[in-house]
Amino acid sequence: MTAYARTARGRAPRCEDGAVTAPDQSPVPFASPAAATGAEFVETPVDYDALVLASFGGPEGQDDVIPFLRNVTRGRGIPDERLEEVAHHYRHFGGVSPINEQNRQLKAALEAELASRGIELPVYGGNRNWAPYLEDAFTAAAHEGHKTLLVLATSAYSSYSSDRQYREDIARAITDAGLEGRVTADKVRLFFDHPGFVAPFQEGVDAAVASFLEQGIAASDIHVLFSTHSIPTADAERSGPRDIDWGEGGAYVAQHRAVAEHIVHKLGAVTGGATVPWQLVFQSRSGPPTQPWLEPDINDVIAELPAAGAKAVVIVPLGFVSDHMEVLWDLDTEAIESAAEVGIPAVRTQTPGIHPAFVSGLIDLVLERVEGTPAAERPHLTDLGPWYDVTRPGDCENVRLGFKPAAAGIAP
Ligand SMILES: CC1=C(CCC(=O)O)c2cc3nc(cc4[nH]c(cc5[nH]c(cc1n2)c(C)c5CCC(=O)O)c(CCC(=O)O)c4C)C(CCC(=O)O)=C3C
Ligand SMILES: [Fe+2]
């Protein structure tokens, strides 16, 4: 396949960190060859009979922590002593991750939204790494007679950890549950630039910047740090369709930059057009020090803020769907501490969580697949969207862990 029109036209305007470019205001015709062939978009209606909300999962008490971490690192032979080192965030919070409760709330909110629109679609919840597992969700759905399932994963951007690993685990769960050939599972497209996902971030950034302005701090002294999960650079380079040049950091970084640029551009309404300095930063690095991961680390950037003349910092958890451990520990604990050390007032803005715009946007995304909405009509706030319904073989693959069968993609 040749390069996409969206690449030839130029992706979302790229700019150096700290500068703000005016995004192209002209309406962008949807010209992707994929849209023309329908190859990567499912534009015919599908009569799904259940929705599966798929998430990461987390421990519910101290005794769960090591078994949970064994699940997360399965297949990599990491000894328990080493796992205990990464367990400290969970130990600190009584062994309880907030993520399961957040997913229960999101599931209830999705059910309420479906009911309010008069749509009958049962919702099942299952996790990749903790109970209820994906396998439990598929088993329960099949037990109640559902066969054509749509999976909604709580992960917005494209990379091995946030897309393909879900699809691999879906395939494995269907096999482990003995449901091969009895159920099918499709997956809702990645939603990094869907208006429902972006709205809560925009709201948070607008409010935080407005409040610093009210305190008499100039826009040019308010630094906005868009933070996301660092991943190995090798994963980042393979995070999108391979026939497109995404630039350094692959599709994963390009998607985050495009959304950040959109938010900063809209922020002009709050600052009276004045620009704020901003940057994409990374957090929650793990893995051996010899393995390169995306940089700079948020704490290193915060340490340099006084030298850059910053008087305030707004921390935007752009890569995260809810206030799970990465947000509570790495941002609310560590990054806020880093800001206190250099004496700069800091605000961490909200995650989408169960914000009404997000919940309603997720149901819109589900209905796109139920109704087979043409790609050209699907909401997206950046030039990179709308993202594809089906991922092609090789996209987001993990070269370290090797090939595994995955659901909801195009067969090799
Ligand atoms: C991109 C990304 C997201 C965002 C997208 C999404 O939301 O899916 C995410 C989310 C999450 N990650 C989580 C937890 C963990 N991630 C780990 C390890 C890793 N994550 C990675 C990437 C990501 N992770 C990577 C490249 C590794 C190294 C593994 C390797 O080398 O291949 C480890 C192992 C220990 C360690 O290595 O630190 C844990 C415990 C939780 C649950 C939090 C809670 O409990 O509230 C959530 C939502
Ligand atoms: Fe993670």
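About the criteria used
Residues numbered from 1 in each chain as written. Chains lettered and ligands numbered in written order. Predicted model: local features only at pLDDT ≥ 70, side-chain atom pairs only at ≥ 80, totals over all residues. Heavy atoms only, no water. Helix = DSSP H or I, 4+ residues; strand = E, 2+ residues; numbered from the N terminus. Areas by Shrake-Rupley, 256 points an atom, 1.4 Å probe, with all protein chains shown as cover. Core = buried A, V, L, I, M, F, W, Y, C linked by side-chain atoms within 4.5 Å. Buried < 20%, exposed > 50% of the residue type's maximum accessible area, 1.4 Å probe, protein only. Domains from an automatic or database assignment. Contact = heavy atoms within 4.5 Å. Near = heavy atom within 4 Å. Polar contact = N/O pair within 3.5 Å; in protein donor to acceptor, adjacent residues only side chain to side chain. UniProt positions renumbered as here; feature names shortened; annotations may be inferred. Pairing = 2+ DSSP bridges. Axes fitted to C-alpha atoms, helices over the stretch in contact; angles between N-to-C directions. Phe/Tyr/Trp six-rings, centres within 6.5 Å; stacked < 30°, edge-to-face > 60°. Lys NZ or Arg CZ within 6 Å of the ring centre and 35° of its normal.

It is worth spelling out the overall build of the chain at this point. Summing up its helical and strand segments, the chain has 14 helices and eight strands in all. Counting every atom, the chain has about 16700 Å² of accessible surface; 54% of that belongs to carbon and sulfur.

The next subject is the nonpolar core. Counting 67 residues, the largest nonpolar core has Phe 191, Phe 197 and Phe 226 as its most contacted members. For this core, the element with the highest residue contribution is helix H11 (residues 250-271), accounting for 10 residues. Of the domains in this structure, domain 1 (10-29 + 193-348) and domain 2 (50-191 + 355-377) are the two that each give at least three residues to this core. Setting aside chain neighbours within four positions, we find Phe 226 in contact with Ala 260, Ile 263, Val 264, Trp 278, Gln 279, Leu 280, Val 281, Val 316 and Leu 318. Counting residues in hydrophobic clusters, the runner-up holds 22 residues, among them Leu 134, Ala 153, Ala 173 and Val 183.

Surrounding ligand 1, one finds 24 residues, the nearest of these being Tyr 90, Ser 97, Ser 155, Ser 286 and Met 325. A distance of 2.6 Å separates an oxygen atom of ligand 1 from a polar side-chain atom of Tyr 90. Notes on ligand 1: free accessible area 880 Å², of which the protein chains cover 90%. Within the residue set of the shell around ligand 1, elements represented by two or more residues are helix H3 (65-72), helix H8 (160-176) and helix H13 (325-341). Mapped onto the domain boundaries, the shell around ligand 1 takes at least three residues apiece from domain 1 (10-29 + 193-348) and domain 2 (50-191 + 355-377).

Here we take up the UniProt feature "binding site: Fe-coproporphyrin III" (unreviewed entry) in the chain. When the UniProt feature table is mapped to this numbering, "binding site: Fe-coproporphyrin III" (unreviewed entry) covers Ser 97 and Tyr 166. Residue position: Ser 97 is located in the loop between helix H5 (88-92) and helix H6 (99-116). Beyond its immediate stretch of four places on either side in the chain, Ser 97 contacts Gly 58, Pro 59, Tyr 90 and Met 325. Relative to the elements of secondary structure, Tyr 166 occurs in helix H8.

This part is about the sheet that holds strand E3 (residues 148-153). With parallel pairing, the four strands of this open sheet are ordered in space as E2-E1-E3-E4. Edge positions in the sheet fall to strand E2 (123-127) and strand E4 (184-187), since each has one partner strand and no second. On average, each strand axis in the sheet is tilted by 30 degrees relative to the strand beside it, whichever way the strands run. By the bridge criterion, five bridges tie strand E1 (residues 50-55) to E2 in an arrangement that is parallel. Bridge pairing in E2 links Val 52 to Tyr 124. Here helix H14 (residues 356-371) sits on the sheet in contact with E1, E3 and E4, set at roughly 145 degrees to E3.

Before going further, it helps to spend a moment on the packing of aromatic side chains. Within this structure, the stated rule accounts for 16 aromatic pairs. For the ring pair Tyr 157 and Tyr 252, a centre distance of 6.4 Å and an interplane angle of 70 degrees mean the geometry is edge-to-face. Placement of the pair is Tyr 157 in the loop between E3 and H8 and Tyr 252 in helix H11, with a sequence separation of 95 residues. Across the pair, exposure class does not vary: Tyr 157 and Tyr 252 are buried alike. Here a set of aromatic residues connected by ring pairs shows up, and it is made of Phe 41, Tyr 157, Phe 191, Phe 192, Phe 197, Phe 201, Trp 246, Tyr 252, Phe 358, Trp 387 and Tyr 388. In this structure, Arg 128 is placed above the aromatic ring of Tyr 166, and the distance from its NZ or CZ to the ring centre is 5.0 Å.

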